[in-house]
Amino acid sequence: MRKILITGGAGFIGSHVVRLFTNKYPDYQIFNLDKLTYAGNLENVRDLEEAENYHFVKGDITDAAFLKELFSKHQFDSVIHLAAESHVDRSISEPLAFVTTNVVGTVSLMNAAMESWAGNMGGKLFHHISTDEVFGSLGEEDFFLETTAYDPQSPYSASKASSDHFVRAYANTYKLPVLVSNCSNNYGPNQFPEKLLPLCINNIKHNKPLPIYGKGENVRDWLYVVDHARAIDYIFHKGKVGDTYNIGGFNEWKNIDVVKLLCDIMDRKLGRSEGTSQKLITYVTDRAGHDLRYAIDASKIQKELGWEPSLQFEAGLELTIDWYLENVEWLENVTSGAYAQYYSKQYDS
Ligand code: NAD
Ligand code: DAU
């Protein structure tokens, strides 16, 4: 029996983590804490509402008084921390929001856990979910290892790197039992359509231009979101306390190639003739400070914990596209209103 606080569980990855833990561990009590920002959506976890071991709490990880009361009321024995501002482009236009949520929020959460666990850290765990972007940008060779020096290049990755440093500093200074995992690019159902893949799926569907930053040569290492949730399960249960684990898909693609593949699959699914959607590809001004390549060496988690991705990329893309085509209402709800304003500020210039 465990009582786990999962933060950011109404977001993309968090919703898959909450689902996996709620369904796989009926003896655990799962508390999903989320502020419901533009990226948080209770529709992502609607199917869990009736589960007896699932509880939703609306709240802000930067609100120390609220966190103190929450920990005191529920006596959590562990935290899986995903809540964050997660979009690089937004971090470029609004960096302070990333410092507030990602740095101050993480420190506030650890303070609340420490206060609640004071004098008794046995069986307690703070699992911090981070990103491969903290390592910076790679050239054409090499991979990010757990030991690679941090070299964040965007306000988003600087805020995540800072939060990682604070987590390790709390482990060293206060003996907080922590785990850190750094994952590559996720894709799959429920991802907010500001990110490359769902943005392109939505635009292909509506015959809108597909904005490719720069020359589309940037490389990302794609992992299906459920495989990330599975990796978190492995690390949470089998990881060595104090350690860091890299998670990746062994699956590098140039942006332009991934978008072309998406176009081809969608032409087939939408009954369009071959090559139709690729005509929507439009090269636009590059992202400021755009990292060239990310690639994770995930051999540590593979060898030590026995985790491997379960899905091939093409199979995962098929599932993802089907989900977006079937969940019309979800997509319409999140792309109307505030998102429409964001989109036109970001792309209509
Ligand atoms: P997301 O933007 O889809 O979801 C973030 C969630 O956090 C939302 O539900 C939002 O409402 C919530 N949130 C934001 N600020 C909050 C606050 N102050 N208090 C409480 N809740 C708040 O993000 P995601 O893509 O699911 O990423 C989740 C985590 O995984 C992040 O920490 C991110 O850095 C990390 N990560 C993401 C990826 C990726 O490819 N998306 C890869 C590696 C690591
Ligand atoms: O690597 C892990 C990270 O992956 C996570 O930590 C972040 O939270 C997540 O957002 C993601 O960051 P990226 O910046 O790599 O993801 P994004 O989907 O924004 O962009 C993927 C690539 O596509 C990147 O090289 C930029 C490019 N791109 C993106 C958008 C939104 C475009 O060419 N056009 C676009 O419109």
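Residues numbered from 1 in each chain as written. Chains lettered and ligands numbered in written order. Predicted model: local features only at pLDDT ≥ 70, side-chain atom pairs only at ≥ 80, totals over all residues. Heavy atoms only, no water.

Draft legend 1. Highlighting the overall build of the protein chain. The helix and strand inventory of the protein chain stands at twelve helices and twelve strands. Computed over its C-alpha atoms, the radius of gyration of the protein chain comes to 20 Å, within 12% of the 20 Å expected for a compact globule of 349 residues. Projecting the C-alpha coordinates of the protein chain onto the three principal axes gives extents of approximately 65 × 45 × 40 Å. In the protein chain, buried positions account for 56% of the 349 residues. (Helix = DSSP H or I, 4+ residues; strand = E, 2+ residues; numbered from the N terminus. Rg over C-alpha atoms; globule rule 2.2 N^0.38 Å. Buried < 20%, exposed > 50% of the residue type's maximum accessible area, 1.4 Å probe, protein only.)

Draft legend 2. Geometry of the pattern of salt bridges. Inspection of every chain in the model, using the stated rule, returns 17 salt bridges. Among the ionic pairs, Glu-115 bridges to Lys-68, the shortest N-O distance being 3.2 Å. Of this pair, Glu-115 sits in helix H4 (residues 95–117) while Lys-68 sits in helix H2 (residues 64–74); the two residues are 47 residues apart in sequence, bridging distant segments of the chain. Judged by relative accessible area, Lys-68 falls into the partly exposed class, the value being 47%. Taking the shortest distance from any N to any O, the salt bridge between Lys-254 and Glu-217 comes out at 3.3 Å. One end of the pair, Lys-254, is in strand S11 (residues 252–254); the other, Glu-217, is in the loop between strand S8 (210–213) and strand S9 (219–224), with 37 residues separating them in the sequence. On the basis of relative accessibility, which here comes to 39%, the residue Glu-217 falls in the partly exposed class. A cluster of three or more residues bridged by salt bridges with shared partners is formed by Arg-268, Lys-269, Glu-318 and Asp-322. (Salt bridge = Lys/Arg side-chain N within 4 Å of Asp/Glu carboxyl O.)

Draft legend 3. How the structure looks around the site of ligand 1. Looking at ligand 1, there are 28 residues lining it, with Ile-13, Asp-34, Ser-86, Tyr-156 and Lys-160 nearest. Interatomic distance of 3.0 Å between a backbone N/O atom of Ile-61 and a nitrogen atom of ligand 1. Ser-86 is positioned with one of its side-chain polar atoms (N or O) 2.7 Å from an oxygen atom of ligand 1. Contact with the protein chains hides 96% of the accessible area of ligand 1, taken as 840 Å² for the molecule alone. Of all the secondary-structure elements, those providing two or more residues to the shell around ligand 1 are helix H1 (12–24), strand S5 (125–131), helix H5 (155–174) and strand S7 (185–187). In terms of residue count, the dominant contributor to the shell around ligand 1 is S5 (three residues). (Near = heavy atom within 4 Å. Polar contact = N/O pair within 3.5 Å; in protein donor to acceptor, adjacent residues only side chain to side chain. Areas by Shrake-Rupley, 256 points an atom, 1.4 Å probe, with all protein chains shown as cover.)

Draft legend 4. Molecular detail of the site of ligand 2. Not every one of the 24 residues close to ligand 2 is listed here, only the nearest: Asp-132, Tyr-156, Arg-287, His-290 and Tyr-347. Between ligand 2 and Glu-133, the relevant distance is 2.7 Å, taken from an oxygen atom to a side-chain nitrogen or oxygen of the residue. Here an oxygen atom of ligand 2 sits 2.6 Å away from a polar atom, N or O, in the side chain of Tyr-156. Starting from 690 Å² of accessible surface for ligand 2 in isolation, the protein chains cover 95%. Elements represented by at least two residues in the shell around ligand 2 include exactly helix H3 (88–93) and S8.

Draft legend 5. Looking closely at the pairing of strand S10 (residues 244–247). Going residue by residue along S10, you find Thr-244 and Asn-246 tucked away on one face and Tyr-245 and Ile-247 tucked away on the opposite face as well. Sheet topology places strand S6 (residues 178–183) next to S10; four bridges connect them, and they run parallel. Residue pairing in the sheet places Ser-181 in a bridge with Tyr-245 of S10. (Pairing = 2+ DSSP bridges.)

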